[in-house]
Amino acid sequence: MPCLGAHMSISGGLYKAIQRIQKVGGTALQIFSKNQRQWRVPSLTEESIQAFKEEWQKWGRYPVAVHTSYLINLAAKNKDILKRSVSAFADELKRAALLGIPFVIIHPGSHGGEGVKTGLKKVVQSLDRSLELSETTEVMILLETTAGQGTNLGASFEELAFILEKSKYQEKLGVCVDTAHIFAAGYDLRTPTAYARTFDLLEKNIGLSRVRFFHLNDSRTALGSRKDRHEHIGQGQIGLAGFKLLLNDPRFQDHPMVLETPKGKDLLEDIENLKVLNSLLVF
């Protein structure tokens, strides 16, 4: 059975995210490891690292991933932004390593008008440089599928495949599939035939073994809209049928799958969405 959970706030301390995921009954977690709206943040303290690890152990050491700051753009047209992005991403990898978190999820980036080919080459160079600067060996980078809004890269499986194939550190790279994003990018999930076609294409271009994590989000916008708008499970354009197919796909039975849907401080929306997802499991 897949591990189902959600992205949680780290407000009040990193360890608080684990307390929050336990409150909703989740068995998978995604966090920011720092304030995602700032370039520079204080280093992790020994106390914060230890508190996180102790809470994680009490929870049962279920799967955890870090999502990088949205400020980071590994394909940035502006040289200063690109330099800051590489440095910030290297820091994200270091922080994950200190916390013992195995996955760091990142959007490939936006080419800003320079074109897809130029943008993808920059992403490869930036990824490789970030890994070298981080001096980490135990963290895997997961490239997140995107909706393709604006000049964002990573909306097609072919674009992700280019990055995976051209990097000097292929063994350190994997993929995080966001259901809302691939749907908005034009990959249908709503019927058995469409679902099979989508994952056949993923297997052909990337390889299912590269998929290590999922974001479970319904889509407010239509198939192929190229717009990134998350909706609660079953209340968007994908609908319950698509999620039922994914949740019961035997190829992904050990995978962590987390919600990134809207919610309030009481987390009631996460509780309801997880209830819906669990109701779709048939084994």
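The following refers to the structure shown. Here the structure is a predicted model, which is why all the values come from computation and not from measurement.

### Observations concerning the overall build of the protein chain
Moving on, step 1. What the protein chain contains, in helices and strands, is nine helices and ten strands.
Moving on, step 2. Rg of the C-alpha trace for the protein chain: 18 Å, near the compact-globule value of 19 Å for 283 residues, within the 12% margin.
Moving on, step 3. Taking the principal axes of its C-alpha atoms as reference, the protein chain extends roughly 45 × 45 × 30 Å.
Moving on, step 4. A buried classification covers 54% of the 283 residues belonging to the protein chain.

### Things to note about the state of the cysteines
Moving on, step 1. In the structure shown here, the tally under the stated rule is zero disulfides.
Moving on, step 2. No disulfide involves Cys3; its sulfur sits 14 Å from the nearest other cysteine sulfur, which is in Cys176.
Moving on, step 3. Using a relative accessible area of 0% as the deciding quantity, one classes Cys176 as buried.

### A few points about the sheet that holds strand 5 (residues 140-144)
As a general point, the strands of a sheet are linked pairwise by backbone hydrogen bonds and lie either parallel or antiparallel.
Moving on, step 1. Ordered in space as 1-2-3-4-5-6-7-10, the eight strands form a closed barrel in which the pairing is parallel. Taking the axes of each pair of neighbouring strands and ignoring which way they run, one obtains an average angle of 30° across the sheet.
Moving on, step 2. In this sheet, strand 2 (residues 29-31) lies alongside strand 1 (residues 3-7) in parallel orientation, the contact comprising two bridges. Across the sheet, His7 pairs through a bridge with Gln30, a residue of strand 2.

### Let's talk about unusual backbone geometry
Phi is mostly negative for residues that are not glycine, and the peptide bonds are mostly trans.
Moving on, step 1. The backbone of Arg61 sits at a positive phi, close to 50°, despite the residue not being glycine.
Moving on, step 2. You can see Arg61 is positioned in the loop between helix 2 (46-59) and strand 3 (64-67).
Moving on, step 3. The backbone phi angle of Glu135 is positive, close to 55°, even though this residue is not glycine.
Moving on, step 4. Among the secondary structure elements, Glu135 is positioned in the loop between helix 4 (116-134) and strand 5.
Moving on, step 5. A relative accessible area of 71% places Glu135 in the exposed class.

### Observations regarding the packing of helix 3 (residues 79-99) against helix 4
Moving on, step 1. Their axes nearest at 8 Å, the elements helix 3 and helix 4 cross at an angle of 45°. One element, helix 3, and the other, helix 4, form an angle in the oblique class. Considering the relative orientation of helix 3 and helix 4, their crossing is right-handed. Note on element contacts: helix 4 touches helix 3 through Lys122, Ser126, Leu127, Arg129, Ser130, Leu131, Leu133 and Ser134, opposite Leu82, Val86, Phe89, Ala90, Leu93 and Lys94.
Moving on, step 2. Residues that form the contact of helix 3 with helix 4 fall into these classes: eight nonpolar, three polar and three charged.

### Focus on the pairing of strand 10 (residues 256-259)
Moving on, step 1. Judged by which residues are buried, strand 10 turns out to be covered on both faces: Pro256 and Val258 on one side and Met257 and Leu259 on the other are all buried.
Moving on, step 2. In the sheet, strand 7 (residues 211-216) pairs with strand 10 via three bridges, with the strands oriented parallel. Within strand 10, the residue paired with His215 across the bridge is Val258.

### Focus: helix 5 (residues 157-166)
Moving on, step 1. Among the residues of helix 5, Phe157, Glu159, Leu160, Ala161, Ile163 and Leu164 are the ones counted as buried.
Moving on, step 2. Packing partners of the buried residues in helix 5 comprise helix 4, strand 5, strand 6 (173-178), helix 6 (179-184) and helix 7 (192-205).

### Structural notes on the packing of helix 4 against helix 5
Moving on, step 1. The contact between helix 4 and helix 5 brings their axes to 9 Å, and the two run at 40°. One finds that helix 4 runs oblique with respect to helix 5. In terms of crossing hand, the pair formed by helix 4 and helix 5 is right-handed. The residues of helix 5 that touch helix 4, namely those facing Val116, Leu120, Lys121, Val123, Val124 and Leu127, are Glu159, Phe162, Ile163 and Lys166.
Moving on, step 2. Of the residues contributing to the contact of helix 4 with helix 5, the split by class is seven nonpolar, no polar and three charged.

### With respect to the side chain of Thr146
Moving on, step 1. In this structure, Thr146 sits in the loop between strand 5 and helix 5.
Moving on, step 2. A relative accessible area of 5% places Thr146 in the buried class.
Moving on, step 3. Here Thr146 is in contact with Pro108, Leu153, Gly154, Ala155, His181 and Ala185, once residues within four sequence places are set aside.

### Focus on helix 2
Moving on, step 1. For helix 2, built from 14 residues, the straight-helix expectation of 20 Å at 1.5 Å per residue is met to within 8% by its first-to-last C-alpha distance of 20 Å.
Moving on, step 2. For helix 2, the set of buried residues is Ile49, Phe52, Glu55, Trp56 and Trp59. Looking down the long axis of helix 2, one finds its buried residues gathered within 140° of arc, a one-sided arrangement. Relative to its buried face, helix 2 has exposed residues pointing more than 90 degrees away, namely Glu46, Glu47, Gln57 and Lys58.
Moving on, step 3. Buried residues along helix 2 sit in contact with helix 1 (14-23), strand 2, strand 3 and helix 3.
Moving on, step 4. Downstream of helix 2 by one or two residues, Gly60 has phi in the positive range, about 115°.

The rules we used
Residues numbered from 1 in each chain as written. Predicted model: local features only at pLDDT ≥ 70, side-chain atom pairs only at ≥ 80, totals over all residues. Heavy atoms only, no water. Helix = DSSP H or I, 4+ residues; strand = E, 2+ residues; numbered from the N terminus. Rg over C-alpha atoms; globule rule 2.2 N^0.38 Å. Buried < 20%, exposed > 50% of the residue type's maximum accessible area, 1.4 Å probe, protein only. Disulfide = S-S within 2.5 Å. Pairing = 2+ DSSP bridges. Axes fitted to C-alpha atoms, helices over the stretch in contact; angles between N-to-C directions. Parallel < 35°, antiparallel > 145°, perpendicular 65-115°, else oblique. Left-handed = near helix turned anticlockwise from the far one by under 90°. Contact = heavy atoms within 4.5 Å. Nonpolar A, V, L, I, M, F, W, Y, C, P; charged D, E, K, R; others polar. Expected span 1.5 Å × (residues − 1). Arc of directions from axis to C-beta.

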